[in-house]
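Residue-level structural notes
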Amino acid sequence: MNNLPLITVGVTLLCCVLGVWGLHAYTGGKADRDALVDRLSHTGQVTANSRRFGRLDRWVRTTSLGHRLELKLGATGLEITPGEFVVYAVVAMAILWGVASSMLAAFFGPVAALIGLWGTNAFLNWQRTKRIERFINQLPELSRVLANATQAGLALRTSLAMAAEELENPAGEELARVARRLAVGESLDDALSELTDRLPSRELAVLVSTLVLSNRAGGTVVSSLRNLTETLEERKETRREVKTQLSQVTVTAYAVPAFGLGAMLLMNAVMPGALDRMTGAFLGQAAVVVSIALYAVGFIVIRRMSRIDV
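Predicted model only: the values in this text are computed from it and were never measured. (Residues numbered from 1 in each chain as written. Predicted model: local features only at pLDDT ≥ 70, side-chain atom pairs only at ≥ 80, totals over all residues. Heavy atoms only, no water.)

All right, on to a negative patch on the surface then. Judged by side-chain charge, Glu141, Glu165, Glu166 and Glu168 come together as a negatively charged surface patch. Its place among the elements puts Glu168 in the loop between α7 (156-166) and α8 (171-183). (Patch = residues over 30% accessible without salt bridge, like charges linked within 9 Å, V, L, I, M, F, W, Y side chains within 5 Å. Areas by Shrake-Rupley, 256 points an atom, 1.4 Å probe, with all protein chains shown as cover. Salt bridge = Lys/Arg side-chain N within 4 Å of Asp/Glu carboxyl O. Lys, Arg positive; Asp, Glu negative; His and termini not counted. Charge placed at Lys NZ, Arg CZ, Asp CG, Glu CD. Helix = DSSP H or I, 4+ residues; strand = E, 2+ residues; numbered from the N terminus.)

The structure is reproduced here in structure tokens:
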């Protein structure tokens, strides 16, 4: 009994050591798992690319803007890192600055750089939209493959992995990313939610909701997927018809600012130095800024008019 306090202290210290060791093991394992999930979920990043501008890339990823840029690049399918994109964007802005200053006037250099910055973001949005469109066009086939696999008695996780092998990109690549996240212990809801966040569309949201609800509550998955396949086929044809009808409006949106740029180049060619003299005064600079703003408003309005949510 005289050794009871000593034994109590020893057991307490042992429990503390084991607790600290267990907490350290848990946090280390969780960090390794998060790093593995992050690495597996970011396909399209070649090892050679990750070595370019490595220090800049690591710094860009730590910022909120870099995180959004990384998500947008992942949705575009481009094999490029955020650091590389920043470098390429800065180089493009510098080139546009020099070209505009030499061909038009010195005033147009910063304006061209700002337009280049907008253009890089517009390029990413265009690539993302194009990839989403391609993915939406593959949704009927994806739904059909999942229905056939489910009818054959395969689990939903196995059906997704099989669909990733059978379908072409981008559906095959995106489903392979989902399958890898499921393989490392990610829940089906989280993996599919991450897919809808990366490639937002109404059709994909309906398909994901069907799969998640079927996985939670069970039910007639096959018949639901069969009906969804027919609906997606009809929506695919409708979207194609709408896009064909609005193609002329889309071309007009890009032709309007092109006419303005062509008019400035023609005026500078007919009267050399006219743009330098015009932008040398405050009134001329204000007129140029207002004209660019009006062209931008016209472009945005025409693009808004050509967007029909089907």
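With 22 residues, helix α5 (residues 82-103) ought to run about 32 Å at 1.5 Å a step, and its terminal C-alpha atoms sit 31 Å apart, in line with that. Of all the residues in α5, the buried ones are Pro82, Gly83, Glu84, Phe85, Val87, Ala89 and Ala100. (Expected span 1.5 Å × (residues − 1). Buried < 20%, exposed > 50% of the residue type's maximum accessible area, 1.4 Å probe, protein only.)

Moving on, we come to the nonpolar core. The biggest cluster of nonpolar side chains holds 31 residues, and the ones touching the most others in it are Leu139 and Leu142. Of all the elements in the fold, those that place two or more residues in this core are α6 (108-151), α7, α8, α9 (188-198), α10 (202-217) and α11 (221-245). It is α6 that provides the largest number of residues to this core, a total of eight residues. Here Leu139 is in contact with Glu203, Leu204, Leu207 and Leu232, once residues within four sequence places are set aside. One finds Leu104, Phe108, Ala112 and Val288 within the second-largest nonpolar core, a separate group that totals seven residues. (Core = buried A, V, L, I, M, F, W, Y, C linked by side-chain atoms within 4.5 Å. Contact = heavy atoms within 4.5 Å.)

As a packed pair, helix α3 (residues 54-62) and helix α4 (residues 64-76) sit with axes 5 Å apart at the nearest point and diverge in direction by 100°. The orientation of α3 relative to α4 falls into the category roughly perpendicular. Residues Val60, Arg61 and Thr62 of α3 form the contact with α4, whose participating residues are Ser64, Gly66, His67 and Glu70. Classifying every residue of the contact of α3 with α4 gives one nonpolar, four polar and two charged. (Axes fitted to C-alpha atoms, helices over the stretch in contact; angles between N-to-C directions. Parallel < 35°, antiparallel > 145°, perpendicular 65-115°, else oblique. Nonpolar A, V, L, I, M, F, W, Y, C, P; charged D, E, K, R; others polar.)

It is worth spelling out the packing of aromatic side chains at this point. The way to describe two aromatic rings as a pair is by their centre distance and the angle between their planes. Applying the stated criterion to the full structure yields four aromatic pairs. Pairing Trp118 with Phe299 gives two aromatic rings, centres 6.0 Å apart and planes at 85°, and the pair type is edge-to-face. Linking Trp118 in helix α6 with Phe299 in helix α14 (residues 282-305), this pair joins segments that are 181 residues apart in sequence. Look at Phe299 and you get buried, because its relative accessible area is 13%. With centroids separated by 6.1 Å and ring planes inclined at 40°, the aromatic side chains of Phe123 and Trp126 adopt a geometry described as tilted. With Phe123 and Trp126 both in helix α6, this residue pair falls three residues apart, about one helical turn. The class for Phe123 is partly exposed, based on a relative accessible area of 38%. (Phe/Tyr/Trp six-rings, centres within 6.5 Å; stacked < 30°, edge-to-face > 60°.)

A few words on unusual backbone geometry. Cis geometry marks the peptide bond from Asn169 to Pro170; its omega dihedral reads 10°. Inspection of the secondary structure puts Pro170 in the loop between α7 and α8.

Let us now look at the pattern of salt bridges. For the structure shown, the criterion picks out eight salt bridges. Across the pair Asp57 and Arg61 runs a salt bridge whose closest N-O atoms are separated by 2.7 Å. In this pair, Asp57 and Arg61 both sit in helix α3, four residues apart, roughly one turn of the helix. With a relative accessible area of 6%, Asp57 lands in the buried category. Each of Arg131, Glu173, Glu174, Glu194 and Arg198 takes part in one network of salt bridges that share partners.

Here we take up helix α12 (residues 247-270). An ideal rise of 1.5 Å per residue puts 34 Å on 24 residues; α12 measures up with 34 Å between its terminal C-alpha atoms. When the local axis directions of α12 are compared, the greatest deviation, roughly 25°, occurs at Ala255, which is followed within four positions by the proline Pro257. Contacts from the buried residues of α12 go to α5, α13 (274-279) and α14. (Bend = angle between axes of the 7 residues up to and from the residue.)

A few words on a nonpolar patch on the surface. On the surface, Val91, Ile95, Val99, Met103, Leu261 and Leu265 cluster together into a nonpolar patch covering about 510 Å² of accessible area. Counting only elements with at least two residues in the nonpolar patch, the list comes to α5 and α12. Sort the elements by how many residues they give to the nonpolar patch and α5 lands first, with four residues. Note on placement: Met103 falls in helix α5.

Among the secondary structure elements, Glu174 is positioned in helix α8. Glu174 sits 97 residues away from Gly77 along the chain, and the two C-alpha atoms are 9.4 Å apart. Setting aside residues no more than four positions away along its own chain, Glu174 makes contact with Gly74, Arg131, Phe135, Leu195, Arg198 and Leu199. A polar side-chain atom of Glu174 sits 2.5 Å from a polar atom in the side chain of Arg198. (Polar contact = N/O pair within 3.5 Å; in protein donor to acceptor, adjacent residues only side chain to side chain.)

Summing up the model confidence of the protein chain, the mean pLDDT is 79 and the portion of residues at 70 or higher is 83%. Here helix α2 (residues 47-51) stands out as the least confident element of the protein chain, with mean pLDDT 46; α5 is the most confident, with 89. Confidence over residues 41-50 falls short of pLDDT 50; this stretch has 18 contacts with residues more than four positions distant or in other chains. (pLDDT = per-residue confidence, 0-100.)

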